[in-house]
Amino acid sequence: MYGLETKLWIEKKSVLGKELATILVGLGALRFGDFTLTSGRRSPYYIDLRLLPSYPSALERIADMYVAVMENEIGMSRLKVAGIPTAGLPLATAVSLRARLPLIYVRETPKLHGEMKMIEGVLSEGDEVVLIDDLATTGGSLLKAASAVRASGGHVSHAVVLIDREEGGSENLASAGIELHAVSRISDLLSWLEAVGGIPVDKVDTIKEYLKEVRSK
Ligand SMILES: O=P(O)(O)OC[C@H]1O[C@H](OP(=O)(O)OP(=O)(O)O)[C@H](O)[C@@H]1O
Ligand SMILES: O=C(O)c1cc(=O)[nH]c(=O)[nH]1
């Protein structure tokens with residue numbers, strides 16, 4: 001059985017998810033069409049969280065949601081946050097400012113001039129690093145960043161995203177010893193939007209069908 005504090009956090013997190021869904025729909029960040037994802041997978045929906053930094057008040061609220069997840073599910077002492085460019089970097093920067101935690105960022109490929117680094121900022125042997133990205137699909141981008149941080153001596157046990165698209169990311173990260181934390185899962189966002197009529201019924205069905213198909217593979 002969960003303790004009272006955990007039950008309270010579950011309630012709070014559910015409210016955060018509803019607020020997140022409202023922000024996403026309000027900003028037009030939830031798109032429908034035929035999208036090729038970074039993993040090569042084809043998806044009938046896409047969430048564009050790169051819009052968020054163009055709306056500072058929304059970005060600030062979103063940063064506080066990440067911080068709430070970190071406080072309640074990870075603990076905040078002696079952490080560094082690592083932003084995963086491109087989408088994750090402005091979000092991690094906002095989290096770093098709200099939580100007063102040091103920021104590093106992990107390039108996708110090592111820089112080919114200057115200091116030729118893959119990781120920017122101050123990372124020391126043994127530092128506890130929490131990865132921050134906008135969302136997880138397969139978890140491949142987070143795994144790649146975790147490898148780079150670990151190769152430079154950092155410890156990575158947690159990753160935080162706004163949205164878990166529930167396409168294997170959590171399981172793939174768990175096999176590398178990383179717990180995935182998400183402000184909300186796509187299925188929870190969808191339930192709320194369906195309940196309040198936040199998106200058309202045929203769009204809800206499109207995502208549900210897609211999730212069913214992904215899960216059956
Ligand atoms: O869990 P995964 O299967 O790795 O997919 C999720 C990743 O895909 C997107 O990044 P993208 O590669 O489009 O790069 P960008 O942030 O630079 O636009 C997103 O921002 C995540 O980083
Ligand atoms: O998996 C991805 O590449 C991806 C999915 C999504 O919804 N949004 C995004 O920016 N990337």
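Residues numbered from 1 in each chain as written. Chains lettered and ligands numbered in written order. Predicted model: local features only at pLDDT ≥ 70, side-chain atom pairs only at ≥ 80, totals over all residues. Heavy atoms only, no water.

Asks: Mind laying out the pattern of salt bridges, listing which residues take part and the relevant values?
Replies: Enumeration over the complete set of coordinates arrives at 15 salt bridges. A salt bridge links Glu19 to Arg61; the nearest nitrogen and oxygen atoms lie 2.7 Å apart. Here Arg61 lies in helix H2 (residues 56-73) and Glu19 lies in helix H1 (residues 4-27), a separation of 42 residues in the sequence. Arg50 is the partner of Asp48 in a salt bridge, and the nearest nitrogen-oxygen pair spans 3.3 Å. Residue Asp48 is classed as buried on the basis of its relative accessible area, which comes to 14%. Taken together, the shared-partner salt bridges in this structure form one network comprising Arg41, Arg165 and Glu167. (Salt bridge = Lys/Arg side-chain N within 4 Å of Asp/Glu carboxyl O. Helix = DSSP H or I, 4+ residues; strand = E, 2+ residues; numbered from the N terminus. Buried < 20%, exposed > 50% of the residue type's maximum accessible area, 1.4 Å probe, protein only.)

Asks: Could you give me a rundown of the site of ligand 1, with the residues and numbers involved?
Replies: Among the 14 residues in the neighbourhood of ligand 1, the closest are listed as Asp133, Asp134, Thr138, Gly139 and Ser141. With respect to ligand 1, the side chain of Arg50 contributes an N or O atom lying 2.9 Å from an oxygen atom. In the model, an oxygen atom of ligand 1 is placed 2.6 Å from a nitrogen or oxygen of the Asp133 side chain. With the chains in place, 84% of the 500 Å² that ligand 1 exposes on its own is no longer accessible. Residues that form the shell around ligand 1 fall into these classes: 4 nonpolar, 7 polar and 3 charged. (Near = heavy atom within 4 Å. Polar contact = N/O pair within 3.5 Å; in protein donor to acceptor, adjacent residues only side chain to side chain. Areas by Shrake-Rupley, 256 points an atom, 1.4 Å probe, with all protein chains shown as cover. Nonpolar A, V, L, I, M, F, W, Y, C, P; charged D, E, K, R; others polar.)

Asks: Can you lay out the packing of H2 against helix H3 (residues 88-99) for me, pointing to particular residues and giving the numbers?
Replies: Where H2 contacts H3, the two axes come as close as 9 Å, and the packing angle between them is 70 degrees. Compared by their axis directions, H2 and H3 come out roughly perpendicular. Relative to H3, H2 is oriented so that their crossing is right-handed. Of H3, the residues touching H2 (which contributes Leu59, Glu60, Ile62, Ala63, Asp64, Tyr66, Val67 and Met70) are Leu91, Ala94, Val95, Arg98 and Ala99. Taken together, the residues of the contact of H2 with H3 break down into 10 nonpolar, no polar and 3 charged. (Axes fitted to C-alpha atoms, helices over the stretch in contact; angles between N-to-C directions. Parallel < 35°, antiparallel > 145°, perpendicular 65-115°, else oblique. Left-handed = near helix turned anticlockwise from the far one by under 90°. Contact = heavy atoms within 4.5 Å.)

Asks: Hey, could you go over the nonpolar core for me, with residue numbers and the actual values?
Replies: With 48 residues, the main nonpolar core has Leu20, Ile47, Leu52, Ile62, Ile132, Leu162 and Ile163 as its most contacted residues. When near neighbours in sequence (up to four residues on either side) are disregarded, Ile47 contacts Leu24, Ala29, Leu30, Leu135, Ile163 and Ile186. Counting 21 residues, the second-largest nonpolar core is a separate cluster that includes Ala146, Ala148, Ala159 and Ala182. (Core = buried A, V, L, I, M, F, W, Y, C linked by side-chain atoms within 4.5 Å.)

Asks: So what about the pairing of strand E8 (residues 155-164)? Which residues, and what values?
Replies: Taken across its 10 residues, E8 has 8 buried, putting it largely inside the fold. In this structure, strand E6 (residues 128-132) lies alongside E8, joined through 5 bridges in parallel fashion. Residue pairing across strands places Val129 opposite Val156, the latter belonging to E8. Across 2 bridges, strand E7 (residues 135-136) lies against E8 in parallel orientation. Counterpart to Ala136 in the pairing with E8 is Asp164. With helix H4 (residues 140-151) bridging E7 and the parallel E8, this β-α-β connection has right-handed handedness. Pairing of E8 with strand E9 (residues 179-185) involves 6 bridges; the strand directions are parallel. Note that in E9 the partner of Asp164 across the bridge is Arg185. Between E8 and its parallel partner E9, the chain crosses via helix H5 (residues 169-174), and the hand of that crossover is right-handed. (Pairing = 2+ DSSP bridges. Right-handed = clockwise from strand over helix to strand, strands pointing away.)

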